[in-house]
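So you can see what is in the structure, the chains are spelled out below.
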Amino acid sequence: MPTETQAGDIDPAELATLVESGERVRILDVRNRDEVDAWRIEGSSVDSTHVPYMDFVSAQVTGDVTSLVDPDASYIVVCPHGEASAEVAGMLNEAGITARNLAGGMRGWARLYSRRRIPDTDVFQYYRPASGCLAYAVVSAGQALVIDPLRTFAD
């Protein structure tokens, strides 16, 4: 399901492309520590920093938002649903730091699937970057066999 994006947002599919390409991606995660410890965006080119949302709210009051991050870096900011991270990305942009919000937050990231056809076959692979899960659909004579350990594609 596509995620609706606002100006300054990055779509989960665009983020997945960046991560898969090996391009360095700086994630600024503003979720609670237990959420970050349970599940995060990973990849060999991902550099993740955790600064809780409330730290940014406090720093905004004192006008010291730039002290929480490297002011020379650029970030993709994430939270559970994309709302708090949009606010933090806005604070950073106002302070002169390049930041984009992950549209839909980690929920949007979790809902991302990509489909790849295996060359010279009628086999399709469905990949979920958020978890690394794979599912398959084999199509033949107008019918399909679905192999999905999560049963996401059962319909």
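Scroll up a little and you will see the structure.
## Considering the sheet that holds strand β5 (residues 99–102)
Then, in step 1: Spatially, β1-β5-β4-β2-β3 is the arrangement adopted by the 5 strands of the open sheet, whose pairing is parallel. Unpaired on one side and paired on the other, β1 (9–10) and β3 (46–50) mark the two borders of the sheet.
Then, in step 2: By the bridge criterion, 5 bridges tie strand β2 (residues 25–29) to β3 in an arrangement that is parallel. The partner of L28 across the bridge, within β3, is T49.
Then, in step 3: Sheet strands touched by helix α4 (residues 83–94): β2, β4 (75–78) and β5. Its angle to β5, the strand with the most contacts, is close to 175 degrees.

## Quick look at the pattern of salt bridges
Pairs can form between side chains of opposite charge whenever their charged atoms are close.
Then, in step 1: In this structure the tally under the stated criterion is 7 salt bridges.
Then, in step 2: Measuring nitrogen to oxygen at the nearest pair gives 3.3 Å for the salt bridge that ties R33 to D37. Remark: D37 and R33 occur in helix α2 (residues 33–38); sequence separation between them is 4 residues, near one turn of the helix.
Then, in step 3: Taking the shortest distance from any N to any O, the salt bridge between R117 and D122 comes out at 2.5 Å.
Then, in step 4: Taking the relative accessible area as the measure of exposure, R117 reaches 49% and is therefore partly exposed.
Then, in step 5: The exposure class assigned to D122 is partly exposed, which follows from its relative accessible area of 40%.
Then, in step 6: Here the salt bridges do not stand alone but share partners, grouping R33, D37 and R40 into one network.

## Quick word on the pairing of strand β7 (residues 123–128)
Then, in step 1: Most of β7 sits out of view: 6 of its 6 residues are buried.
Then, in step 2: Here β7 shows two buried faces, one formed by V123, Q125 and Y127 and the other by F124, Y126 and R128.
Then, in step 3: Bridging between strand β6 (residues 114–117) and β7 involves 4 bridges; their strand directions are antiparallel. Bridge pairing in β7 places R116 opposite Q125.
Then, in step 4: Taking the residues that link successive antiparallel strands as the turn, the β6-β7 hairpin has 5 residues, and the phi of D120 there is positive, at about 60 degrees.
Then, in step 5: Sheet topology places β7 next to strand β8 (residues 133–140); 6 bridges connect them, and they run antiparallel. Opposite Y127, over in β8, you have L134 as the bridge partner.
Then, in step 6: Hairpin remark: β7 followed by β8, antiparallel, with 4 residues in the connecting loop; positive phi at G132, about 80 degrees.

## Looking at the nonpolar core
Then, in step 1: Counting residues in each nonpolar core, the largest one holds 17 residues, and the members touching the most others are L28, F56, V77 and L92.
Then, in step 2: Secondary-structure elements contributing two or more residues to this core are α3 (53–62), β4 and α4.
Then, in step 3: The dominant element in this core, judged by the number of residues it contributes, is α4, at 4 residues.
Then, in step 4: Of all hydrophobic cores here, the second largest spans 15 residues; its members include V19, I76, V78 and W109.

## Here's the deal with the sheet that holds β8
Backbone hydrogen bonds hold the strands of a sheet together, and the pairing may be parallel or antiparallel.
Then, in step 1: Sheet architecture is open: 4 strands sit in the order β6-β7-β8-β9, paired in antiparallel fashion. Edge positions in the sheet fall to β6 and β9 (143–147), since each of these pairs with one other strand and no more. Across this sheet, the average inter-strand angle for adjacent strands is 20 degrees, counted without regard to direction.

## Thoughts on the packing of α3 against α4
Then, in step 1: Here α3 crosses α4 at 40 degrees, and the two axes come no closer than 10 Å. Comparing their axes, α4 and α3 come out oblique. In this structure, α3 meets α4 at a crossing whose hand is left-handed. Of the residues in α4, those in contact with Y53, F56, V57 and Q60 of α3 are A84, E87, V88, M91 and L92.

Rules used in this analysis
- Residues numbered from 1 in each chain as written.
- Predicted model: local features only at pLDDT ≥ 70, side-chain atom pairs only at ≥ 80, totals over all residues.
- Heavy atoms only, no water.
- Pairing = 2+ DSSP bridges.
- Helix = DSSP H or I, 4+ residues; strand = E, 2+ residues; numbered from the N terminus.
- Contact = heavy atoms within 4.5 Å.
- Axes fitted to C-alpha atoms, helices over the stretch in contact; angles between N-to-C directions.
- Salt bridge = Lys/Arg side-chain N within 4 Å of Asp/Glu carboxyl O.
- Buried < 20%, exposed > 50% of the residue type's maximum accessible area, 1.4 Å probe, protein only.
- Core = buried A, V, L, I, M, F, W, Y, C linked by side-chain atoms within 4.5 Å.
- Parallel < 35°, antiparallel > 145°, perpendicular 65-115°, else oblique.
- Left-handed = near helix turned anticlockwise from the far one by under 90°.

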